Amino acid sequence: MGSLPSPDDLLILLTVARLGRFNAVAEALGTTHTTISRRILALDRQLGGRTLERSPHGWELTELGASAVAAAEAIEETLGTLAGAIGQERDALSGMVRISTSDGFGADFVTPALVRLQQRHPMLNVEMLSATRKVSQNRSGVDLEVVVGGTDVRNAQTIFLTNYYLRLYASAGYAARRGLPETPDDVGQHGFVSYVESALQVAELGHRSSQLPMPKSSFQATSIFAQVEAVRRGAGIGLLPSFMVSRDADFVPVLPHDFERQLPIWAVARPESLRSGRVQAVVAALKEEVAARQDLLAS
């Protein structure tokens, strides 16, 4: 009988299944792309077949790979039980979790949820990447993505988190100096602040899909924080998430009864990632944060 596959290599395969890219796995495990590739090839030789196949969205498991990952998950669970038996807290989470999220929602909701989770589990490490994306075929390289828009996924699972509103706002100073539009057509007489259309993945966040007239001038930025600051400083009327500005006295609603846009936010992950205790804890923390502050999202 041949030698059994290396448990270390099985756990590497599990991490590849969750993140989808060797570079991301190498970063998470503190090693190199070459080492990850070499260990996967060694595992394939031990198992007598390929465990991974390349796709446009990263590495995907073969049927043999899926069986190997099931064994790896059992090893991971056993090691967690052993850690509890030798003195660590049995329910403690440890290791790295990588999350991609839009910057506004990420700062206001994802960050406080993750900080509280990390305070409960001090051995948990977090990497949070900012990226404003729609829900589509799951991009790999992270354990969990928090994304905006409609759903269109095949090799990933989506979890609805909440809806939020985009509305029009101006600064109090701008309103006093320039006045505010009385109809949507009047918006064309003002400056407009929004995302850079050429770099925008979620069309609903930009001016072009709003059906509003072309503005007199525009200030476009890929960062929602830059947009908020531009509106605050009088660059024009901005299409902004209400949860970021609705309770700030510096901002005045514009056409509040004539224009608003509601968008959903989803958590998206590969099935292998969602079976991870770390990722399950992150999703639960996000749901808890959203539920506790639903009044802000609905305002």
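Quick note: structure is the one above.
Small disclaimer: the values here were computed from a predicted structure and weren't measured. (Residues numbered from 1 in each chain as written. Predicted model: local features only at pLDDT ≥ 70, side-chain atom pairs only at ≥ 80, totals over all residues. Heavy atoms only, no water.)

Considerations on the overall build of the chain
Argument step 1. A tally of regular secondary structure across the chain gives 11 helices and 11 strands.
Argument step 2. Taking the principal axes of its C-alpha atoms as reference, the chain extends roughly 80 × 40 × 25 Å.
Argument step 3. For the chain, with 299 residues in total, the buried portion stands at 48%.
Argument step 4. Within the chain, contacts between residues separated by at least 24 positions form 75% of all contacts whose residues are at least 6 apart in sequence.
Argument step 5. Accessible area of the chain: about 14400 Å², with a carbon and sulfur share of 51%.
Argument step 6. The centroid of the 29 positive side-chain charges in the chain is displaced by 4 Å from the centroid of its 32 negative side-chain charges. (Helix = DSSP H or I, 4+ residues; strand = E, 2+ residues; numbered from the N terminus. Buried < 20%, exposed > 50% of the residue type's maximum accessible area, 1.4 Å probe, protein only. Contact = heavy atoms within 4.5 Å. Areas by Shrake-Rupley, 256 points an atom, 1.4 Å probe, with all protein chains shown as cover. Lys, Arg positive; Asp, Glu negative; His and termini not counted. Charge placed at Lys NZ, Arg CZ, Asp CG, Glu CD.)

Describing the nonpolar core
Argument step 1. Counting 56 residues, the largest nonpolar core has Phe105, Leu144, Tyr164 and Leu168 as its most contacted members.
Argument step 2. The element best represented in this core is helix α10 (residues 277–292), accounting for 7 residues.
Argument step 3. Here Leu168 is in contact with Phe192, Leu212, Ile237, Gly238, Leu239, Val252, Pro253, Val254, Leu255 and Phe259, once residues within four sequence places are set aside.
Argument step 4. Listed in part, the 20 residues of the second largest apolar core include Ile12, Val25, Leu43 and Ala68. (Core = buried A, V, L, I, M, F, W, Y, C linked by side-chain atoms within 4.5 Å.)

Examining the side chain of Gln227
Argument step 1. Position of Gln227 relative to the elements: it lies in helix α7 (residues 224–232).
Argument step 2. On the basis of relative accessibility, which here comes to 0%, the residue Gln227 falls in the buried class.
Argument step 3. When neighbours within four sequence positions are excluded, Gln227 is seen to be in contact with Val193, Ser194, Tyr195, Ala221, Leu239 and Leu240.

A look at the side chain of Ser210
Argument step 1. Among the secondary structure elements, Ser210 is positioned in the loop between β7 (191–194) and β8 (217–220).
Argument step 2. In contact with Ser210, not counting residues within four places along its chain, are Phe259 and Arg261.

So, the environment of Pro271
Argument step 1. By the secondary structure assignment, Pro271 is in helix α9 (residues 271–274).
Argument step 2. Owing to a relative accessible area of 25%, Pro271 belongs among the partly exposed residues under this scheme.
Argument step 3. C-alpha of Pro271 to C-alpha of Thr158: the two residues are 113 residues apart in sequence and 9.7 Å apart in space.
Argument step 4. Excluding anything up to four places from it in sequence, Pro271 contacts Asn155, Ala156 and Gln157.

Structural notes on the pattern of salt bridges
Argument step 1. Scanning the entire structure with this criterion turns up 12 salt bridges.
Argument step 2. The closest approach of N and O atoms between Asp9 and Arg39, which form a salt bridge, is 2.7 Å. Here Asp9 is found in helix α1 (residues 7–19), whereas its partner Arg39 is found in helix α3 (residues 33–47), with 30 residues between them in sequence.
Argument step 3. Using a relative accessible area of 2% as the deciding quantity, one classes Asp9 as buried.
Argument step 4. One salt bridge connects Glu229 with Arg232, and the closest N-O pair in it is separated by 3.4 Å. With Glu229 and Arg232 both in helix α7 and 3 residues apart, this pair spans about one turn of that helix.
Argument step 5. Exposure remark for Glu229: the relative accessible area of 29% places this residue in the partly exposed category.
Argument step 6. Exposure remark for Arg232: the relative accessible area of 29% places this residue in the partly exposed category.
Argument step 7. When salt bridges that share partners are traced, they join Glu229, Arg232, Arg233, Asp248 and Asp250 into one network. (Salt bridge = Lys/Arg side-chain N within 4 Å of Asp/Glu carboxyl O.)

A look at helix α2 (residues 22–29)
Argument step 1. The complete set of buried residues in α2 reads Phe22, Ala24, Val25 and Ala26.
Argument step 2. In the core, the buried residues of α2 are packed alongside α1, α3, β1 (52–55), β2 (58–61) and β3 (95–101).
Argument step 3. Note on α2: the residue one or two positions beyond its end, Gly30, has a positive phi of about 70°.

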